[in-house]
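Letter by letter, the chains look like this.
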Amino acid sequence: MKSLLTRQRRINPVYLAFMAVSFMVGIAGALQAPTLSLFLTREVGERPFWVGLFYTVNAIAGIAVSLLLAKRSDNRGDRRMLILFCCLMATGNALLFAFNRDYLTLITFGVLLSALASVAMPQIFALAREYADSSAREVVMFSSVMRAQLSLAWVIGPPLSFALALNYGFTTMFSVAAALFVLCIALIWFALPSVPRVEQSPEVVITQISAWKNRDVRLLFIASLLMWTCNTMYIIDMPLYISSVLGLPDRLAGLLMGVAAGLEIPAMLLAGHYVKRFGKRNMMLFAVAAGVLFYLGLVLFHSRAALLALQIFNAIFIGIIAGIGMLYFQDLMPGRPGAATTLFTNSISTGVILAGVLQGALAETFGHYSVYWGALILAVAALAMSAKVKDV
């Protein structure tokens, strides 16, 4: 009887629904992001500066929208309905990119839809945190396994994205992404729960008001911002660098992203397992040190084999900070899973802003190779900043 009850708990359908939603939203996003710089360069016909500017404007809009929705999501309304709305906007955004090639339309209406769509993932993780807390599930491992679904999506998504875009065109690729978002909407509607809000104590309310005044929250935000700036500079520039500078096949970019995402899965699962033993701070320092080695390797080595081997360090870097970093924010901001997760994702979005400006300016002024020197310097700065954040 005990074995049966244990097995039933392990196959909790709500738990599986969260895993499936994370994977589906992740793979829909992973189809669009890897080829965006190629799409803007080849289909829309823009120069590197305007490609970088698109990423910057897109990120600014994402931050503005997420900040407007984050506070409301923690205090009132059904978080599940907000997730459904964001996925509907994501569907519209994918269809717009499928059938439109006007830069002005994409950087205005397309950016607005993308900003609304970007709120979906942090809200899914916030709902998952509330569900885990209310059902007495182990939060760190639950979050790590969910985040692993995103990495699994990025194993499949980038190679599939390049295959669809290069063989069948960008219209087909974006249309497939739209269809996946429609499936996500159905899955969220029928499978995800609405978790009742817990009444918060006056002490927690005081903590909510002063969260940004907390030195450790600020330091972690800046460190995370620098980490994601490095990562986004690499994602934007790498497909162009591989084809135009190194003379390697376009498809290698998708392979590199897929290999890194595949290696991220064991990295983040191991991090979730060992975080209680080593602490979040030590795990983050280990991850950022791996990031420094990754960008140093990109500066020093340029062969196909070396680029593939370096993905081990990239996977450790992203796999750990993507999972543990989000929980770090949540633990530093108790009682505010939506706001904390949004602050984490806004550090990513702010990093995208800086990355778009830096990548575009560096690539156009000094060439693509200079982008990786810039990423290396920022990774070292992120390591120094992370060392100042307290463990929780």
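Further up the page is the structure itself.
Parameters at a glance
- Residues numbered from 1 in each chain as written.
- Predicted model: local features only at pLDDT ≥ 70, side-chain atom pairs only at ≥ 80, totals over all residues.
- Heavy atoms only, no water.
- Axes fitted to C-alpha atoms, helices over the stretch in contact; angles between N-to-C directions.
- Helix = DSSP H or I, 4+ residues; strand = E, 2+ residues; numbered from the N terminus.
- Parallel < 35°, antiparallel > 145°, perpendicular 65-115°, else oblique.
- Left-handed = near helix turned anticlockwise from the far one by under 90°.
- Contact = heavy atoms within 4.5 Å.
- Nonpolar A, V, L, I, M, F, W, Y, C, P; charged D, E, K, R; others polar.
- Polar contact = N/O pair within 3.5 Å; in protein donor to acceptor, adjacent residues only side chain to side chain.
- Buried < 20%, exposed > 50% of the residue type's maximum accessible area, 1.4 Å probe, protein only.

K.L.:
Pulling in residues and values, what's your account of the packing of helix H5 (residues 79-99) against helix H9 (residues 170-191)?
P.N.:
Contact pair H5 / H9: the axes reach a minimum separation of 8 Å and the direction vectors enclose 165 degrees. Here H5 is positioned roughly antiparallel relative to H9, judged by the angle of their axes. You can see that H5 and H9 cross each other, and the crossing is left-handed.

K.L.:
Provide a residue-level description of the packing of helix H11 (residues 215-244) against helix H14 (residues 304-332), including the pertinent values.
P.N.:
For the pair H11 and H14, interaxial distance at closest approach is 11 Å and the crossing angle is 150 degrees. Judged on the interaxial angle alone, H14 and H11 are roughly antiparallel. The way H11 lies across H14 gives a crossing that is left-handed. For the pair formed by H11 and H14, the contact residues are Asp216, Val217, Leu220, Phe221, Ser224, Met227, Trp228, Asn231 and Tyr234 on the first element and Gln311, Asn314, Phe317, Ile318, Ile321, Ala322, Tyr328, Phe329 and Leu332 on the second. In terms of residue class, the contact of H11 with H14 is made up of 13 nonpolar, four polar and one charged.

K.L.:
An account of the side chain of Gln32 is requested, with residue identities and associated values reported.
P.N.:
Among the structural elements, Gln32 can be located in helix H2 (residues 13-32). Among the polar contacts made by the side chain of Gln32, one reaches the main-chain carbonyl oxygen of Ala28 at a distance of 3.2 Å. When residues no more than four places from it in sequence are discounted, the contact partners of Gln32 are Asn93, Ala94, Met173, Phe174, Ala177 and Phe181.

K.L.:
Tell me about the environment of Leu106, and please be specific about residues and values.
P.N.:
With respect to the secondary-structure elements, Leu106 resides in helix H6 (residues 103-117). Leu106 gets classed as buried once you look at its relative accessible area, which sits at 0%. Linking Leu106 and Asn93, residues 13 residues apart in sequence, is a C-alpha distance of 9.1 Å. Not counting residues within four places of it along the chain, the set of residues in contact with Leu106 comprises Phe39, Val44, Phe54, Leu96, Phe97, Asn100 and Val111.

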